[in-house]
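# Inside the fold
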Amino acid sequence: NRSSPGHRFREALQQEKPLQIAGAINAYSAILAQSAGFRALYVSGAGVANASFGLPDLGITTQGDVLEDVRRISSATELPLLVDADTGFGSAFNIARTVREMIRAGAAGIHIEDQVAAKRCGHRPNKAIVSTAEMADRIKAAADAKSDADFVLMARTDALASEGMEGAVARSLVYVEAGADMIFLEAAVSLNDYADFTSQVSVPVLANITEFGRTPLFTLEELAGVGVSMVLYPLSAFRAMNAAALKVYTTLRSQGTQASVLSDMQTREELYRYLGYYEYERKLDALFAQVDEP
Ligand code: PYR
């Protein structure tokens, strides 16, 4: 489908090499990221859990929780959205439903990972993964449910930590065979890891450049040099927003005024500009022009 979000994601992948994918924690962040020039956005599972529910990224949020955020974000932007679907939110029929509902919610693609359902953040210790066969079944169920051939089905492997490069490559080849269009290699620790991986896996590969995790903050140029096709920044803006918010809250409590932190704030004028506020207001004025009473 040439106009589908999945098709637009694949177009973006052709236009930008590697494709930078920005995490958008909510609809307004999506507007900001779009205005900064990104061609694709990301809905992070950790982000949904942390920001929308105040919960850790431990597989606690549900399919419906993520879908609600996807609907809100996809409504606010033209950009294609890659969505974190954790382990698919259940067994085969649940995974099929995840794919159908994600398409309906406006997602361009999802990634499903090979961790056990009681998943952990990809950059934390003691992750456990399911068998290659079980993960292949997840991918087959998802691929079979695609109503749009362009919808992107990405398999994420967390195998590097427990099975090393050999395991991660062997698994990924099986996942591609099962229907994965792209691979997310989670928690690589060196550029050599990516070079090694991309030389053996022929589909587009995503690098997750999340801060304070196991992967160093490799630059776009470095990642381009080792065959990476997509570079993800899932929570970068969110972390900055959180630090700014805490500073404002503590300043209000300690100083009784926000005067000293005004420079950390986006102004009302800027907010209105990104929202197109004045156009809405003009429309309102035109629609409900003052009619003089007789
Ligand atoms: C997350 O942001 O939740 C990822 O899995 C990358």
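Just so it is clear, the model here is predicted, and its values are computed rather than measured.

## Overview of the overall build of the protein chain
For the protein chain, the count of helices and strands is 12 helices and eight strands. Its C-alpha radius of gyration of 21 Å places the protein chain within 12% of the 19 Å reference for a compact globule of 294 residues. For the protein chain, the spread of C-alpha atoms along the principal axes amounts to about 75 × 50 × 35 Å. Relative to its full complement of 294 residues, the protein chain shows a buried share of 47%. Long-range pairs, those at least 24 residues apart, make up 68% of the contacts in the protein chain with a sequence separation of at least 6.

## Points about the site of the ligand
Taken together, Tyr42, Ser44, Gly45, Ala46, Asp57, Asp84, Arg156, Asn208 and Pro234 are the residues near the ligand. For the ligand, an oxygen atom lies 3.3 Å from a polar atom in the backbone of Gly45. Here Ala46 contributes a backbone N or O atom positioned 2.8 Å from an oxygen atom of the ligand. Expressed as a share of its isolated accessible area of 220 Å², the protein-covered part of the ligand is 94%. Assessed atom by atom at 2 Å from the grid points, the ligand resides in the largest pocket. Of the residues that constitute the shell around the ligand, the class distribution is three nonpolar, three polar and three charged.

## Quick notes on the packing of aromatic side chains
Scanning the model with the defined rule gives four aromatic pairs in all. A ring pair is formed by Tyr194 and Phe218, whose centres lie 6.2 Å apart and whose planes are at 85°; its orientation type is edge-to-face. A residue pair is termed long-range when its members are at least 10 positions apart, and Tyr194 in helix α8 (residues 191-198) and Phe218 in the loop between β7 (205-208) and α9 (220-225) qualify at 24 residues.

## So, the sheet that holds strand β1 (residues 19-23)
In spatial order, the strands read β1-β2-β3-β4-β5-β6-β7-β8; together these eight strands close into a barrel with parallel pairing. Neighbouring strand axes in the sheet, compared pairwise and without regard to direction, differ in orientation by 25° on average. Bridging between strand β4 (residues 109-113) and strand β5 (residues 152-157) involves five bridges; their strand directions are parallel. Residue pairing across strands places His111 opposite Met154, the latter belonging to β5.

## Quick notes on the nonpolar core
Val70, Val83, Met102, Ile110, Tyr194 and Phe197 are the most contacted members of the largest nonpolar core, which has 58 residues in total. Among residues more than four places away in sequence, those in contact with Val70 are Val43, Leu81, Val83, Met102, Ala105 and Ala107. Leu19, Ala108, Met154 and Met230 belong to the second-largest nonpolar core, a separate cluster that totals 16 residues.

## Structural notes on the pattern of salt bridges
A complete count under the given rule lists 19 salt bridges for this structure. Close ionic contact of Asp86 with Lys119 constitutes a salt bridge, the shortest N to O distance being 3.4 Å. Note that Asp86 is positioned in the loop between β3 (81-84) and α5 (92-105) and Lys119 in the loop between β4 and α6 (132-144), a separation of 33 residues in sequence. According to the relative accessible area criterion, Asp86 is buried, its value standing at 5%. Overall, the relative accessible area of 2% leaves Lys119 in the buried class.

Conventions used here
- Residues numbered from 1 in each chain as written.
- Predicted model: local features only at pLDDT ≥ 70, side-chain atom pairs only at ≥ 80, totals over all residues.
- Heavy atoms only, no water.
- Helix = DSSP H or I, 4+ residues; strand = E, 2+ residues; numbered from the N terminus.
- Rg over C-alpha atoms; globule rule 2.2 N^0.38 Å.
- Buried < 20%, exposed > 50% of the residue type's maximum accessible area, 1.4 Å probe, protein only.
- Contact = heavy atoms within 4.5 Å.
- Near = heavy atom within 4 Å.
- Polar contact = N/O pair within 3.5 Å; in protein donor to acceptor, adjacent residues only side chain to side chain.
- Areas by Shrake-Rupley, 256 points an atom, 1.4 Å probe, with all protein chains shown as cover.
- 1 Å grid on protein atoms, 1.4 Å probe; cavity = no way out; pocket = protein on both sides within 12 Å on 5 of 7 lines; lining within 4 Å.
- Sits in = over half its atoms within 2 Å of the grid points.
- Nonpolar A, V, L, I, M, F, W, Y, C, P; charged D, E, K, R; others polar.
- Phe/Tyr/Trp six-rings, centres within 6.5 Å; stacked < 30°, edge-to-face > 60°.
- Pairing = 2+ DSSP bridges.
- Axes fitted to C-alpha atoms, helices over the stretch in contact; angles between N-to-C directions.
- Core = buried A, V, L, I, M, F, W, Y, C linked by side-chain atoms within 4.5 Å.
- Salt bridge = Lys/Arg side-chain N within 4 Å of Asp/Glu carboxyl O.

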